[in-house]
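One-letter residues, chain by chain:
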Amino acid sequence: MKTIFERIIDKELPAEVLFENERIIAIKDKYPIAPVHILIISKKVIKSIQDIKKEDLGLIPEMIEVAQNLADEFHIANGYRLLTNTGPSSGQTIFHLHFHLIGGRELGTMG
Ligand code: 5GP
């Protein structure tokens, strides 16, 4: 069964798309926890960062570059969080590789 993100990638579900190329799509999070909350999603179906195969590791620097550019675009380059939840106990709810780019407010320390 497709995840929500696969359905967004396949244009079966709507999303506010901020960036897209053949490998990556970046969309606004539907339930933002900060003024800027963007999801940077791999188009290839990979469950989590723990499941990436060596041949797909090149995706990661590309996703980071997308995050950097969006951080500039959304004026949060001076302070943001870029994270990927991995596995159920981390809080991952959609099992399709994505980074959260979060900023636009005082984020404080983790935990
Ligand atoms: P995770 O919990 O897997 O790390 O992150 C999943 C994220 O997807 C959550 O931040 C959640 O708010 C977001 N989300 C869930 N459903 C949708 C949706 O239908 N559209 C968008 N744009 N984001 C969603």
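Our subject in this report is the structure included herewith. Fair warning: this is a prediction, and the values are worked out from it, not measured in the lab.

### Some remarks on the pairing of strand 1 (residues 17–20)
For step 1, the next point in the chain: Where strand 1 meets strand 2 (residues 24–28), three bridges bridge the pair, whose relative direction is antiparallel. Note on strand 2: the bridge partner recorded for Val17 is Ile27.
For step 2, the next point in the chain: Here strand 1 hands over to strand 2 after three residues, the two strands then running antiparallel side by side.

### Re a nonpolar patch on the surface
For step 1, the next point in the chain: Residues Ile64, Tyr80 and Leu82 make up a contiguous nonpolar surface patch of roughly 210 Å² in combined accessible area.
For step 2, the next point in the chain: With respect to the helices and strands, the residue Tyr80 is situated in strand 4 (residues 80–83).
For step 3, the next point in the chain: For Tyr80, a relative accessible area of 31% translates into the label partly exposed.

### Observations regarding the site of the ligand
For step 1, the next point in the chain: If you check the shell around the ligand, you find 17 residues, and the closest are Lys28, Asp29, Asn85, Thr93 and His100.
For step 2, the next point in the chain: Between the ligand and the protein, one listed contact pairs an oxygen atom with a side-chain N or O atom of Thr93 at 2.7 Å.
For step 3, the next point in the chain: Notes on the ligand: free accessible area 520 Å², of which the protein chains cover 86%.
For step 4, the next point in the chain: With respect to the pocket detection grid, the ligand is positioned in the largest pocket.
For step 5, the next point in the chain: Listed by contribution, the elements that provide at least two residues to the shell around the ligand are helix 1 (4–9), strand 2, strand 3 (36–42) and strand 5 (98–103).
For step 6, the next point in the chain: With three residues, helix 1 is the single largest residue contributor to the shell around the ligand.
For step 7, the next point in the chain: Its residues placed into classes, the shell around the ligand shows seven nonpolar, seven polar and three charged.

Rules used throughout
Sequence positions are assigned chain by chain, starting from 1 and proceeding in written order. Only residues with pLDDT of 70 or above have their local features reported here, since the model is predicted, and side-chain atom pairs are shown and tallied only from 80 upward, although totals for entire chains, interfaces and linings are computed over all residues. Processing note: side-chain calculations cover all non-hydrogen atoms of the structure and skip hydrogens and water entirely. Here the rule is simple: two strands pair whenever DSSP picks up at least two bridges between them. By definition, any uninterrupted DSSP run of H or I lasting at least four residues is a helix, any uninterrupted run of E lasting at least two residues is a strand, and each is numbered from the N terminus. For patch detection, residues must exceed 30% relative accessible area and be free of salt bridges, and they are connected within 9 Å for like charges or within 5 Å for nonpolar side chains (Val, Leu, Ile, Met, Phe, Trp, Tyr). To be clear on the numbers: accessible area is Shrake-Rupley with a 1.4 Å probe, and residue cover counts the displayed protein chains and nothing else. For this analysis, a salt bridge means a side-chain nitrogen from Lys or Arg found within 4 Å of a carboxyl oxygen belonging to Asp or Glu. Partly exposed describes any residue whose relative accessible area lies between the buried limit of under 20% and the exposed limit of over 50%, with all areas from a 1.4 Å probe on protein chains only and scaled to the type maximum. A single heavy atom is enough: if one lies within 4 Å of a molecule or strand, its residue is considered near that molecule or strand. In protein, a polar contact requires one atom able to donate a hydrogen and another able to accept it; more generally it is a pair of N or O atoms within 3.5 Å, and residues adjacent in sequence count only if both atoms are side-chain atoms. With a 1 Å grid laid over protein atoms only, a set of points is called a cavity when a 1.4 Å probe fits there but cannot get out and a pocket when it is open yet has protein on both sides within 12 Å along at least five of seven lines; lining residues have an atom within 4 Å of a point. Placement in a cavity or pocket follows one criterion, namely that more than half of the molecule's atoms lie within 2 Å of its grid points. We call Asp, Glu, Lys and Arg charged. Ala, Val, Leu, Ile, Met, Phe, Trp, Tyr, Cys and Pro are nonpolar, and the rest, Gly among them, are polar.

These figures capture arrangement, not role.
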